[in-house]
Amino acid sequence: MGKKIKKEAEPPPKDVFDPLTIESKKVATVVLMLNSPEEEILAKACEAIYKFALKGEENKTTLLELGAVEPLTKLLTHEDKIVRRNATMIFGIMASNNDVKKLLRELDVMNSVIAQLAPEEEVVIHEFASLCLANMSAEYTSKVQIFEQGGLEPLIRLLSSPDPDVKKNSIECIYNLVQDFRCRATLPELNAIPPILELFKSEYPIIQLLALKTLGVITNDKESRVMLRDNQGMDHLIKILEAKELNDLHIEALSVIANCLEDMDTMVQIQQTGGLKKLLVFAENSTIPDIQKNAAKAITKAAYDPENRKFFHEQEVEKCLVTLLGSESDGTKIAASQAISVMCENLGSKEFFNHQGIPQLVQLLKSDNEEVREAAALALANLTTCNPTNANAAAEADGIDPLVNVLSSKRDGAVANAATVLTNMAMQEALRVSIQSRDIMHALIGPLHSANMVVQSKAALTIAAIACDVEARAELRNSGGLEPLIELLRSKNDEVRRHASWAVMVCASDELMAAELCRLGALDILEEINLSVSRKNKFSEVAYNKLLNNHLSLKYSQTGYLSSSNIISDGFYDYGRINPGTKFWPLKDLCLQEPNDLRTVLLVNSKSDVSPPPSTEDKSSDIGYGRSISSSSSLRRASKEKASYYFSAGFGSPTEEKSEPASGRNTAVSKSAAKEKGSRKSKGKKEEEKLKEEEEVTVVLKWAGEGNVDKEWSPPADPDFCVYVYEVTKSILPITNIRDQIETLAKYVAEKMGGKIPKDKLQDFSWELHISELKFQLKSNVVPIGQIKKGIFYHRALLFKALADKIGIGCSLVRGEYGRAWNEVKLMNESQKGVIGGLPPPEVYIVDLIFHPGGLMKLKSKEADRYRFL
């Protein structure tokens, strides 16, 4: 055999690179390798980067700065499974960094990550892809991207994965996603409830906890509650509550149950399974604040049902809730207060809290926590509504001061609730007085300015309840509360507008406030509201009429009617008929205007600013009009009181009264007596005449606006009308028969206004020229009613009403067409006198002041119709 020759190895091809093993100690070098086309290098580079990133947040930031994220995103769709897996693992870790999250959103890699959740992928890829999504879903923008790119469905599918990490990451991501209502609404369609309930069987508490938290969010929606009930979810929850070893899950389980109790069928199911009793046990026995809080929340939800309230009351839940009010946890205090506010719908519970609970709630009003104050105020509001005893209990617990302080709270709910409690208290006079002493009106200014309509409504209602007294109304006016209250009349909210109208109605109870409200435009706004069918309400109509009743001049101009209860006072003026929306000029402006061809304004004024010279024995008794005559006397006093009033007002002394003829003398007797006395001349006659002329000039100057316009302007004086008041008081007031009083007064008015006018001579009665002469003489369009000596229908009717009101004769004033006006009086039929019981209503008559002065015509008679219309 020949010797064997060793075969030489063939040299490698010249175009092939010899393998090179490199050991890199710089992460930057490894990042560069991510761009390599070799799968092995990519896999090893990703593995090295994963280990580096796992070490801490600083390393993740370093990788971001070195530009590792962009090439890694491309590797998510790499053909090689190992490369794809390693890249996914890196993103699972890296996505916990906020800056990385931001860049990933910009690079729009969500679709690539969601693709890794496909069933055919490895469990490891599922784990880190779901981890990446769980980290990303913590921010709202990423939630939207995951949902819109279909990430919810594969996540729900992964809840059934055998790997606990996949389950944990998937349920955590779902929990983050369902914070958005669109994701929440989609869950029932994806049948997510059964796999979530299955997670309760997991041996890992974190998975069970995340499942409960997710149910706690999605059961806020009705469809999810129904699906939970249909899948026996309540049984699972009750079992958790029964298991003491799962006490770390009790808080969230109670939260889910509380949500489910809003569903009536679920509530019935819990009742039947004894779940309500378990809730009470947790509320009473647990020392963990969050468990107490959620148990109280569950009781609150269940107590909305009357049967449940009855059950809880029988179990003495009130004692438990009062105990919870003393908890150190604000959350527990809030939940207990809310439970009390619902439980007090039960009358038995309401009575119980009268003895216990109200003092504790009052103390909570002083809490630094605004939510605690709001919840306590809500409970007190419900407890005191329609319950004077509880309102008294709240006041006795020194609750008024903290309630007034809560009105300045930043939480609208707290303010509204406190206002409600104060309103309930103000129903009792003693408490209302106590509330007024706390500067309540000033405290309500802020709520009146609130942008919240509930607060506006409650504040206006509180004012309506408290402004019953003059002092309270004055405080409201002085505090600047009328302006914002009137502004609320413009509200588009029906309740705000109604309560504001109510408050204005109450405030308009006195003349001063009514005048101020009118000045601020309340009357115009109410008029506008009442013209709208949709915006008006009963209170707006009453408020408008009440303001008009305190502004009779405007009322008569707008409505053409004054009732017997509308007492004409000094300063009243007849401006003529005006249409709604037309400007009504103030008397002062009208007095300062030059005379024109417009309708004469008739003024009623028994006050006089001009003082006559000192009276002498020779002075006629009917110059007493020069002294000040007050119109504020009571209109229904006895004749003696009236007489003494006019003596004190300057119409004559008691000594002079004795020298007068009998009090029942007629006007003619009075006139003749005056003439007889006036015929006697004294030595200082010329001086007296000179003084009288100066007085008349002064009066004319005042009427014409040529005198000094003082800061406190007063209407023109009317000496003649002062005499009229004096004379009718002396001669007509003592008459005991009301019919005789009316007839006598009618004759008196007719005599002062030009006497009787035959029907055929009515057209020849030249009253227009007389009125024009007065306007020219006074240099004003405003003519005092006493100056008119030739008056037609509407002049006489106004004078009759003005004098009748002075002596207490009830009559109305009605404006007709074409210058007509008349007075209506109510009288009993002569045949009805002396009849006891079952009397028909008195009949209405029209007083004739023109054709047969003193005549009375039945309202519906032809004669009355001719007087009014022909």
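Residues numbered from 1 in each chain as written. Predicted model: local features only at pLDDT ≥ 70, side-chain atom pairs only at ≥ 80, totals over all residues. Heavy atoms only, no water.

So, about the pattern of salt bridges. Scanning the entire structure with this criterion turns up 33 salt bridges. Between Asp469 and Arg432 there is a salt bridge; the shortest N-O distance is 3.5 Å. In this pair, Asp469 is assigned in the loop between α33 (453-466) and α34 (470-478) and Arg432 in helix α30 (residues 429-436), connecting sequence segments 37 residues apart. Arg432 sits in the buried class, given a relative accessible area of 11%. (Salt bridge = Lys/Arg side-chain N within 4 Å of Asp/Glu carboxyl O. Helix = DSSP H or I, 4+ residues; strand = E, 2+ residues; numbered from the N terminus. Buried < 20%, exposed > 50% of the residue type's maximum accessible area, 1.4 Å probe, protein only.)

Now for the pairing of strand β5 (residues 812-815). Residues Ser812 and Val814 point to one face of β5 and Leu813 and Arg815 to the other, with burial holding for every one of them. In this structure, β5 lies alongside strand β6 (residues 821-827), joined through four bridges in antiparallel fashion. Looking across to β6, one finds that Arg815 is bridged to Ala821. Here β5 hands over to β6 after five residues, with Tyr818 in that stretch at a positive phi of 55 degrees. (Pairing = 2+ DSSP bridges.)

On to the sheet that holds strand β1 (residues 561-562), then. Pairing in this open sheet of five strands is antiparallel, and the strands run β1-β5-β6-β7-β8 from one edge to the other. Each end of this open sheet is capped by a strand with a single partner; those strands are β1 and β8 (856-858). With four bridges connecting them, β6 and strand β7 (residues 843-847) associate as antiparallel partners. Bridging across to β7, Lys826 finds its partner in Val844. Packed on one face of the sheet, helix α47 (residues 738-752) meets β6, β7 and β8 and runs near 165 degrees to β6. The sheet strands contacting helix α49 (residues 793-807) are β1, β5, β6 and β7, and the helix crosses β6 at an angle near 40 degrees. (Contact = heavy atoms within 4.5 Å. Axes fitted to C-alpha atoms, helices over the stretch in contact; angles between N-to-C directions.)

The predicted model of the chain has a mean per-residue pLDDT of 83, with 84% of residues at 70 or higher. Counting interchain partners and residues more than four positions distant, the pLDDT-below-50 stretch residues 610-687 has 94 contacts. Note that pLDDT drops below 50 for residues 696-710; the model gives that stretch 19 contacts with residues more than four away or on any other chain. (pLDDT = per-residue confidence, 0-100.)

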